[in-house]
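Listed below, chain by chain, are the residues.
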Amino acid sequence: MLLAGKKGLIVGVANKRSIAWGIAQAAAREGATLAYTYQGERLKANVEELAKTLDPTAPLYDCDVTNDAQLDAVFQGIQSSWGALDFLVHAVAFAKREELEGEFVGTSRDGYALALDVSSYSLTALARRAVPLMTIPRGLPPVAGGSVVALTYYGAEKVIPRYNVMGVAKAALEASVRYLAYDLGPKHIRVNALSSGPVQTLAARGISGFSDMMKHVESRAPLRRNVTLEDVAHAAVFLLSPLAAGITGETLHVDCGYHIIGM
Ligand code: NAD
């Protein structure tokens, strides 16, 4: 089992279609013990019900990633229940609906700041709190270190009409991954991004024309299909696991090859 004995925090489960939930299931199959955050009381029951199917004792924390006090409480909770942390999955993004409909040029100051705060800065906010828990030597022989994986999308690299400010937020997220990888490498903490092809989720429903994006990928991607939740989850587990020990600062495309096409 690739993650036997590892303890990980999963940020971004909303429901059973969430990419974070796909990753949680795959990580648990590989032997990981998991804790979860949920975004407010509205989503608590969903996350609790799902988490219980894998582990009735899984720690759950209420956490809006824009709230520093809640972020602090998550890591204090993990510190007291586990004492250390091996991996972190960041699968969180948000932009106002109106920013994902019209043209990018119409992006408001508020909308820009909110999208970047929730979707990009949150990775750094989480990582800086995870560091003290990942640098504690543990296991036999004792080793320190950890792995962080953040979910991103091709709209960071190329223009995807209507993805708009979220593309800019993902570009900042991918750059953050590289800067974090540089800072945390000497502490044996790896930080990578996983660039997923389109998957039907709650967040995806906020992007107008999303079904057309999926049809387009199916007809053009070298593999002539869209990715499945399992495709993404398996690649995330790989990045979290010791099989990826030499990989950091990378953006791994899990998109049926779509990103290699020029025309
Ligand atoms: P999802 O709706 O299931 O997950 C998004 C999560 O973000 C939810 O759990 C939501 O509660 C959380 N979130 C939003 N604002 C938050 C806040 N302020 N504080 C805490 N949590 C907050 O959708 P998903 O598609 O599974 O998204 C997960 C990640 O995957 C996102 O980063 C998304 O951009 C990325 N991604 C998705 C696709 C896709 O096609 N679905 C493709 C590439 C990348």
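Residues numbered from 1 in each chain as written. Predicted model: local features only at pLDDT ≥ 70, side-chain atom pairs only at ≥ 80, totals over all residues. Heavy atoms only, no water.

Lining the immediate surroundings of the ligand are 28 residues, of which Ser18, Ile19, Gln39, Val199 and Thr201 lie closest. Residue Ser18 places a side-chain N or O atom 2.6 Å away from an oxygen atom belonging to the ligand. In the environment of the ligand, an oxygen atom lies 2.9 Å from a nitrogen or oxygen atom belonging to the backbone of Ala203. In isolation the ligand offers 810 Å² of accessible surface; the protein chains occlude 93% of this area. For the shell around the ligand, the elements supplying multiple residues, two or more each, are β5 (146-152) and α6 (202-205). Among the elements that line the shell around the ligand, the one with the most residues is α6, at 3 residues. Grouping the amino acids of the shell around the ligand by side-chain chemistry returns 19 nonpolar, 7 polar and 2 charged. (Near = heavy atom within 4 Å. Polar contact = N/O pair within 3.5 Å; in protein donor to acceptor, adjacent residues only side chain to side chain. Areas by Shrake-Rupley, 256 points an atom, 1.4 Å probe, with all protein chains shown as cover. Helix = DSSP H or I, 4+ residues; strand = E, 2+ residues; numbered from the N terminus. Nonpolar A, V, L, I, M, F, W, Y, C, P; charged D, E, K, R; others polar.)

What follows is about the nonpolar core. In terms of nonpolar packing, the biggest core is built from 56 residues, with Ile10, Tyr36, Phe87 and Leu194 touching the most fellow members. Counting residues per element, this core draws most heavily on helix α8 (residues 229-240), at 8 residues. Not counting residues within four places of it along the chain, the set of residues in contact with Phe87 comprises Leu3, Lys6, Lys7, Gly8, Leu9, Ile10, Ala27, Ala32, Leu34, Met134, Ser147 and Leu240. Membership of the second largest hydrophobic core comes to 33 residues, among which are Val65, Val118, Leu173 and Ala193. (Core = buried A, V, L, I, M, F, W, Y, C linked by side-chain atoms within 4.5 Å. Buried < 20%, exposed > 50% of the residue type's maximum accessible area, 1.4 Å probe, protein only. Contact = heavy atoms within 4.5 Å.)

Another aspect to go through is the sheet that holds strand β1 (residues 7-11). Reading across the sheet, the 7 strands line up as β3-β2-β1-β4-β5-β6-β7 and stay open at both edges, with parallel pairing between neighbours. The open sheet is flanked by β3 (60-62) and β7 (251-254), the only strands paired with a single partner. Between one strand and the next, the sheet's axes are offset by a mean angle of 20°, whatever the strand orientation. In this sheet, β5 lies alongside strand β4 (residues 87-90) in parallel orientation, the contact comprising 4 bridges. Within β5, the residue paired with Phe87 across the bridge is Ser147. Helix α2 (residues 41-54) rests against β2 (33-38) and β3 of the sheet, and its axis sits at about 170° to β2. (Pairing = 2+ DSSP bridges. Axes fitted to C-alpha atoms, helices over the stretch in contact; angles between N-to-C directions.)

A few words now on the pattern of salt bridges. Using the criterion set out here, one finds 5 salt bridges in the structure. Salt-bridge contacts for Asp72 lead to Arg129; the nearest nitrogen and oxygen are separated by 2.7 Å. Highlighted residues: Asp72 in helix α3 (residues 68-81) and Arg129 in helix α4 (residues 109-134), separated in sequence by 57 residues. Since its relative accessible area comes to 34%, Asp72 is described here as partly exposed. In this structure, Arg225 engages Asp231 in a salt bridge whose closest nitrogen and oxygen atoms are separated by 2.8 Å. The structure contains a network of salt bridges with shared partners spanning Asp68, Asp72 and Arg129. (Salt bridge = Lys/Arg side-chain N within 4 Å of Asp/Glu carboxyl O.)

Now for the environment of Pro222. Examined against the element boundaries, Pro222 turns out to sit in the loop between α7 (210-220) and α8. Residues Pro222 and Ile260, 38 residues apart in the sequence, show an inter-C-alpha distance of 8.5 Å. Among all residues touching Pro222, those that are not within four sequence positions of it are Cys256, Gly257, Tyr258, Ile260 and Ile261.

In this section: the environment of Leu243. Within the secondary structure layout, Leu243 lies in the loop between α8 and β7. Look past the residues within four positions of Leu243 in its chain and what remains in contact with it is Leu2 and Phe238.

Moving on, we get to the packing of aromatic side chains. As enumerated under the stated definition, the model contains 3 aromatic pairs in all. Ring geometry for Trp21 and Tyr36: centres 6.4 Å apart, planes at 40°, overall tilted. One end of the pair, Trp21, is in helix α1 (residues 19-29); the other, Tyr36, is in strand β2, with 15 residues separating them in the sequence. As far as the burial class goes, Trp21 and Tyr36 line up, both buried. Measuring from centroid to centroid gives 5.9 Å for Tyr154 and Tyr258, while their planes differ by 90°, and the two rings are edge-to-face. Of this pair, Tyr154 sits in the loop between β5 and α5 (164-184) while Tyr258 sits in the segment after β7, placing them 104 residues apart in sequence. Exposure remark for Tyr154: the relative accessible area of 11% places this residue in the buried category. (Phe/Tyr/Trp six-rings, centres within 6.5 Å; stacked < 30°, edge-to-face > 60°.)

A word on unusual backbone geometry. In this chain, Leu140 is followed by Pro141 through a cis amide linkage whose omega measures -5°. With respect to the helices, strands and loops of the structure, Pro141 is situated in the loop between α4 and β5. A positive phi angle, near 45°, is found at Asn164, a position not held by glycine. Mapped onto the elements of the fold, Asn164 is located in helix α5. In the Ramachandran plot, Arg224 falls in the positive-phi region, its phi being about 55° despite a non-glycine side chain. Looking at the secondary structure, you find Arg224 in the loop between α7 and α8.

By themselves these figures say nothing about function.
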